[in-house]
Amino acid sequence: MLCSKKKKPSFKLSTTIAVPSMKGHGYLDYTIENHSSKAFEKMDEFRRNNQLCDVLIKVTHNGQEEDFPVHKVVLASCSSFFKAMFTNNFRECYAKEVTIKDTCPLVMQRLIDFAYTSRITVGEKCVLHVLLAAMRYQMEDVAQACCDFLIKQLDPSNVIGISNFAKQIGCTELYNNGREYINMHFSEVTKEEEFLNLTHCELLDLVSQESLNVLCETEVYNACLRWMQWDLINREQYFTLLLNAVHLYALPPKFLAVQLKQCPILNKENSCRMFLSKIFQEMSLHKPLPPTKVRGNQLIYVAGGYMHNSLNSMDAYNPQTGEWIKLANMLEPRSGLGACIVSGLFYTLGGRNHFSTENTDSNSLACFNPIINKWTSRAHMSVARNRVGVGVIDGAIYAVGGSSGSNHHKSVERYDPEVNQWTSVAPMHVARIGAGIASCCGLLYAIGGFDGESRLNTVDCYHPDENRWHPRAPMRIIRSGAGVVTLDNYIYAVGGYDGTNQLNSVERYNIDRDYWESMAPMKHKRSAHGLALHQGKIYALGGFNAEGFLSSVECYCPETNEWIEVTEMPVGCSGMGVAVTMEPCPNSFEDFEEG
């Protein structure tokens, strides 16, 4: 019997099937959105079933060993380390097994899972191990995820350790974020054990940073003292080195006097004591001191003001970015107020609550802390003072002149923030409201103003050691409501009102030679404006002229003797309190905005 052969299956189109003709020039471009994810899901399934895997990763660590069958192409696609291993003719390129040491198998499991699934889960206990491995095997996405997690976990107790770890493994982004956190929260960080365990080199590097965001240089000095006292026997040898990193001329003279009298370390370190004593004596001579750099980013703060009614707003201008930041409102609306900075805190005093129905002059004092974005009330002055002049000498606030109703004051009182108390000092020779007040070399200058009958160009200088006022050379032009600042041993008087017109003229007083000279005028005439000194330049903000309330901000450069317009205020107004201090902590105003 013959056996018949099986026929091979035919894949030819049957001649009975008609193929339609395709006319025209159309085409199909079709994409499956989840194709890649579905393909990786299938590859992950192959991996878990050890199918089509072409290499076995053997991971050993501290006696532990675990095998991971994987596909080379998958690891190489998300790791520069494995790409180089499997594509550059190394022996591992052809090996069926690759041994990896000094990596925890659980960590490698997470990295491999990520390669196949794009998912990674980390917690506080494992994130540093995963980050270290991700940096080692150049898995950038995993490293980024770990960095993002750690940045959110930064706090004063761990930031130094995390920053040092990031530096050691070359994780630049995490390191930079850690250093920025330390700079912004320096005072809190210095109270933690990690800070106290720094080496002297690490501490020196930290306190040498100009970007430290501190209210006052006393925070840096006190931090160095705390570090030394943690291990005084072994650390007192570094005191001189640390003092050179502190901006000693930025310390208040009163603070230095207390240190020289009470600090136990200074009693032992005679050379340091002599060094600080010399600086204190220089401060006591009422002569110009060496310029000191200001730490951290400084902003121009604008509080209150007047635009048809008194305002309670508080805003800050960042000259570096040109941005305005909205901050917590004042405790009460006020215009014609004075403002100043003591130990980094922003103080406002006096002014008027002006509404369409009533006017109330104020004797209040309030303090704004930029770290927590909060106002607090302090001891009131003895009398209400609208359009008050304000100056600071050695940490004490002086309230000069002003008015209460129809009474124009020549009285002056001094506030001590440490004891929250006001005391009267010698009155001026004449009453002044809207006077410009400047402090320089431990002396206080009252410039121009209005005595109730006439606008003034006269200048008086207060010597706190004598408790007396002495006349100085008068200005060339009569000015009330002018802005004044001290810069490079000069006092600048900017704008104001002469009894007939608002002014754009500028003159400056040479403190050493007791004379005034004219400088370049502003672009705009303005009185009752704000004036601030920021990084060696003078900023004139807002004010009033014949055209109404101004919102423009001008900046003066002393090197070129030129004014330029730089920005606009959120609201045009006059009679604001303006001063410069540290940038608020981001969390403080972010929380405020969200609320």
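Quick caveat: nothing in here was measured; it's all calculated off a predicted structure.

A.B. asks: Help me understand the overall build of the chain in this model?
C.D. replies: A count of helical and extended segments in the chain gives 18 helices and 35 strands. Radius of gyration (C-alpha) of the chain: 35 Å, far over the 25 Å computed for a compact globule of 595 residues. Summarising its shape, the C-alpha atoms of the chain cover approximately 140 × 80 × 45 Å along the three principal directions. Considering the chain as a whole, with its 595 residues, one finds that 48% of them fall into the buried category. For the chain, restricting intrachain contacts to residue pairs at least 6 apart in sequence, the fraction spanning at least 24 positions comes to 55%.

A.B. asks: Can you walk me through the side chain of Ser313 in this structure?
C.D. replies: Considering the arrangement of structural elements, one finds Ser313 in the loop between β6 (309–310) and β7 (314–318). In this structure Ser313 touches Val302, Ala303, Gly304, Lys326, Asn329 and Met330, once residues within four positions along its chain are discounted.

A.B. asks: How should the pairing of strand β22 (residues 443–450) be read in this particular structure?
C.D. replies: As a general feature of sheets, a regular strand has side chains that alternate between the two faces. Burial within β22 is extensive, with eight of its eight residues counted as buried. Note that strand β21 (residues 436–440) and β22 share five bridges and pair antiparallel. Across the sheet, the residue bridging to Ala438 is Tyr445, located in β22. In textbook terms, the turn of a hairpin is the stretch between consecutive antiparallel strands, and for β21 and β22 this stretch comprises two residues, one of which, Cys441, has a positive phi near 55°. Across six bridges, the pairing between β22 and strand β23 (residues 455–463) is antiparallel. Looking at β23, one finds that Tyr445 is bridged to Cys461.

A.B. asks: Whenever I open this one, the packing of aromatic side chains confuses me. Can you help?
C.D. replies: Aromatic ring pairs are reported here in terms of the distance separating the ring centres and the angle at which the planes meet. If you walk through the whole model with that rule in mind, you get 23 aromatic pairs. Ring geometry for Phe82 and Phe86: centres 5.9 Å apart, planes at 15°, overall stacked. Remark: Phe86 and Phe82 occur in helix α3 (residues 80–87); sequence separation between them is four residues, near one turn of the helix. Each member of the pair, Phe82 as well as Phe86, is classed as buried. An aromatic cluster of three or more residues is present, and its members are Phe81, Phe82, Phe86 and Tyr137. For the cation-ring pair, Arg47 lies above Tyr116, with the distance from its terminal atom to the ring centre recorded as 4.7 Å. Taking NZ or CZ as reference, Arg235 lies 4.2 Å from the ring centre of Trp227, over its face.

A.B. asks: How should I be thinking about the sheet that holds strand β25 (residues 483–487) in this particular structure?
C.D. replies: One key point about sheets: their strands pair by backbone hydrogen bonds, in either a parallel or an antiparallel sense. Here four strands make up an open sheet; going across it, the order is β25-β26-β27-β28 and the pairing antiparallel. Only two strands of the sheet have a single partner each, and these edge strands are β25 and β28 (515–519). If you compare each strand with its neighbour and ignore which way they point, the axes differ by 25° on average. Alignment of β25 against strand β26 (residues 490–497), held across five bridges, turns out to be antiparallel. Bridge pairing in β26 links Val484 to Ala493.

A.B. asks: Where do I start with a nonpolar patch on the surface in this structure?
C.D. replies: Taken together, the side chains of Leu28, Tyr30 and Ile32 define a hydrophobic patch exposed on the protein surface, amounting to about 380 Å² of accessible area. If you trace the backbone, Leu28 turns up in the segment before α1 (35–48). Look at Leu28 and you get exposed, because its relative accessible area is 74%.

What counts as what
- Residues numbered from 1 in each chain as written.
- Predicted model: local features only at pLDDT ≥ 70, side-chain atom pairs only at ≥ 80, totals over all residues.
- Heavy atoms only, no water.
- Helix = DSSP H or I, 4+ residues; strand = E, 2+ residues; numbered from the N terminus.
- Rg over C-alpha atoms; globule rule 2.2 N^0.38 Å.
- Buried < 20%, exposed > 50% of the residue type's maximum accessible area, 1.4 Å probe, protein only.
- Contact = heavy atoms within 4.5 Å.
- Pairing = 2+ DSSP bridges.
- Phe/Tyr/Trp six-rings, centres within 6.5 Å; stacked < 30°, edge-to-face > 60°.
- Lys NZ or Arg CZ within 6 Å of the ring centre and 35° of its normal.
- Axes fitted to C-alpha atoms, helices over the stretch in contact; angles between N-to-C directions.
- Patch = residues over 30% accessible without salt bridge, like charges linked within 9 Å, V, L, I, M, F, W, Y side chains within 5 Å.
- Areas by Shrake-Rupley, 256 points an atom, 1.4 Å probe, with all protein chains shown as cover.
- Salt bridge = Lys/Arg side-chain N within 4 Å of Asp/Glu carboxyl O.

Geometric values such as these leave the question of function open.
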